[in-house]
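What the coordinates show
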Amino acid sequence: MISHPMFNQNFSENLLINQKKNLHRYRCLIENREQTVAIIAGKNVINFCSNDYLNLSMHPLVKKALAKGAFQYGLGSSASHLVSGYLKPHQQLEEAFAEILNRERALLFNSGYQANLGVISTLLSRNNLIISDKYCHASLIDGIILSRAKHLRYAHQDLNQAENLLKNNLHKKTFLVTESIFSMEGTLTDISEIIALSKIYNNYLILDDAHGFGVLPAYYSAKEVPCLITPLGKAAGSMGAIVSGSHDLIENLLQFSRLYRYTTALPPAICYATLAALNIIKKENWRREKLHELAKFFNQEAIKRELPLTAYNLSPIKCILVSSNQKTMLIKNKLFQQGFFVSGIRPPTVPFNKARIRISLNCLHHKKHIIALLDQMYELINL
Ligand SMILES: *Cc1c(COP(=O)(O)O)cnc(C)c1O
């Protein structure tokens, strides 16, 4: 069983138990960074755990826009959106996203976490049923808990089971919730299949496209998704999240979402810089294409070395299953010594005995780095 130790009121005992299970978390201090290199403890390492897939957070035009936005608007927005925190860059960002996502309207939340909490807790109540993938992100689960809706889960990506759950609950107002690319698996949801299911069974589909936006257009250009959530902390290289859909959906969120209303709006300079990032996503297709090329290359090289990936597709998220927490962290630390910064993912983020090394590709990575990383990985996993 995956147990989170925090139910125990004895704080030091909690920490000891956590440590014994090899579940203790450390924050890794990044002293500086440039392109795909991070400097940690004075050492240059190739960063394979950033979600900034298109490397836009450091793009010169984005930095320039951030500085210009700061010069013009200062730091904080000074209030919530409904009081006086809604400035020109917020409006422009929403309009630009409504256009690129091809939807009637878009609304900016402060983070993907807040958007997921806000959307689900506002649209659903205890009378509704939610059907979701078992591996959905913590923020979606928390939104569901906050909504008090009845919740049923299907096994990861098992759309047959999802259909059975829908068939057995035709009398209820049902919401279907899933993600485009799963963050700890790298699996892709069959978008046409999930849209078909939501049409046949007349439920309301909510799609979290955190890892798909800017990377796999099949998701963000699927107009049939009535409620699309686009967190901006990944390929957009920024922060915040856009919720997009019909005019009425957005107006409902604006009027009734506590997570939208009762928080200070993002700094306008952030929105101004995010607009610059969005323009680069539109113009510089080579970034997305290069990322796909690296994903394919990574898959081939992993197969050559018989490294067990959780999925073989165009997603930039590559997970190599190790199982044991201890061995996962050992491999992570050895890779670090050799100049590769990867993440070791352990429960409760993933199921018990499913610890893994997670590698995130970036459009500025070099093939030679992928080869060197996988060579080391091969040595370490077979120790
Ligand atoms: C990262 C992530 C979020 C949270 O987005 P933030 O903007 O970081 O709060 C939500 N859903 C998924 C699937 C994510 O990967």
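To be clear, the structure that these remarks concern was listed above.
All of the points below concern the structure found in this document. (Residues numbered from 1 in each chain as written. Predicted model: local features only at pLDDT ≥ 70, side-chain atom pairs only at ≥ 80, totals over all residues. Heavy atoms only, no water.)

This paragraph deals with the site of the ligand. Inspection of the region around the ligand gives 13 residues, with Gly112, Tyr113, Asp208, His211 and Lys234 positioned closest. One of the side-chain nitrogen or oxygen atoms of Asp208 is found 2.5 Å away from a nitrogen atom of the ligand. Take His211: an N or O atom from its side chain is 2.7 Å from an oxygen atom of the ligand. If the ligand stood free it would expose 380 Å²; the protein chains cover 82% of that surface. The dominant element in the shell around the ligand, judged by the number of residues it contributes, is helix α4 (residues 112-123), at three residues. Its residues placed into classes, the shell around the ligand shows three nonpolar, seven polar and three charged. (Near = heavy atom within 4 Å. Polar contact = N/O pair within 3.5 Å; in protein donor to acceptor, adjacent residues only side chain to side chain. Areas by Shrake-Rupley, 256 points an atom, 1.4 Å probe, with all protein chains shown as cover. Helix = DSSP H or I, 4+ residues; strand = E, 2+ residues; numbered from the N terminus. Nonpolar A, V, L, I, M, F, W, Y, C, P; charged D, E, K, R; others polar.)

Another point: the sheet that holds strand β3 (residues 43-47). Spatially, β1-β2-β3-β12 is the arrangement adopted by the four strands of the open sheet, whose pairing is mixed. Looking at the sheet topology across the chains shown, the edges are occupied by β1 (32-34) and β12 (340-341). Relative to strand β2 (residues 37-40), β1 runs antiparallel, the two sharing three bridges. Residue pairing across strands places Arg33 opposite Ala38, the latter belonging to β2. (Pairing = 2+ DSSP bridges.)

What follows covers the packing of aromatic side chains. Here the structure, examined in full by the defined rule, presents six aromatic pairs. The interplanar angle of 50° and the centroid separation of 5.4 Å between the aromatic rings of Phe97 and Phe213 together place this pair among those described as tilted. With Phe97 in helix α3 (residues 88-100) and Phe213 in the loop between β8 (204-208) and α8 (217-220), the pair connects residues that are 116 residues apart, well separated along the chain. Given a relative accessible area of 1%, Phe97 falls into the buried group. Here the aromatic rings of Phe336 and Phe341 are separated by 6.5 Å at their centres, their planes lie at 80°, and the arrangement is edge-to-face. Three or more aromatic residues joined by ring pairs make a cluster, and in this case those are Phe97, Phe213 and Tyr220. Across the ring face of Phe175, the terminal group of Lys173 is positioned such that the distance to the ring centre comes to 5.4 Å. (Phe/Tyr/Trp six-rings, centres within 6.5 Å; stacked < 30°, edge-to-face > 60°. Buried < 20%, exposed > 50% of the residue type's maximum accessible area, 1.4 Å probe, protein only. Lys NZ or Arg CZ within 6 Å of the ring centre and 35° of its normal.)

All right, on to the nonpolar core then. Counting residues in each nonpolar core, the largest one holds 76 residues, and the members touching the most others are Phe48, Phe97, Phe298, Ile359 and Leu361. Looking at this core element by element, the count peaks at eight residues for helix α11 (residues 268-283). The residue makeup of this core includes at least three contributed by each of domain 1 (31-57 + 285-381) and domain 2 (74-283). Apart from residues lying up to four places away in sequence, Phe298 is in contact with Leu309, Lys318, Ile359, Leu361, Ile370, Leu373 and Leu374. Judged by nonpolar contacts, the second largest core, of 24 residues, contains Ala149, Ala241, Val243 and Leu249. (Core = buried A, V, L, I, M, F, W, Y, C linked by side-chain atoms within 4.5 Å. Domains from an automatic or database assignment. Contact = heavy atoms within 4.5 Å.)

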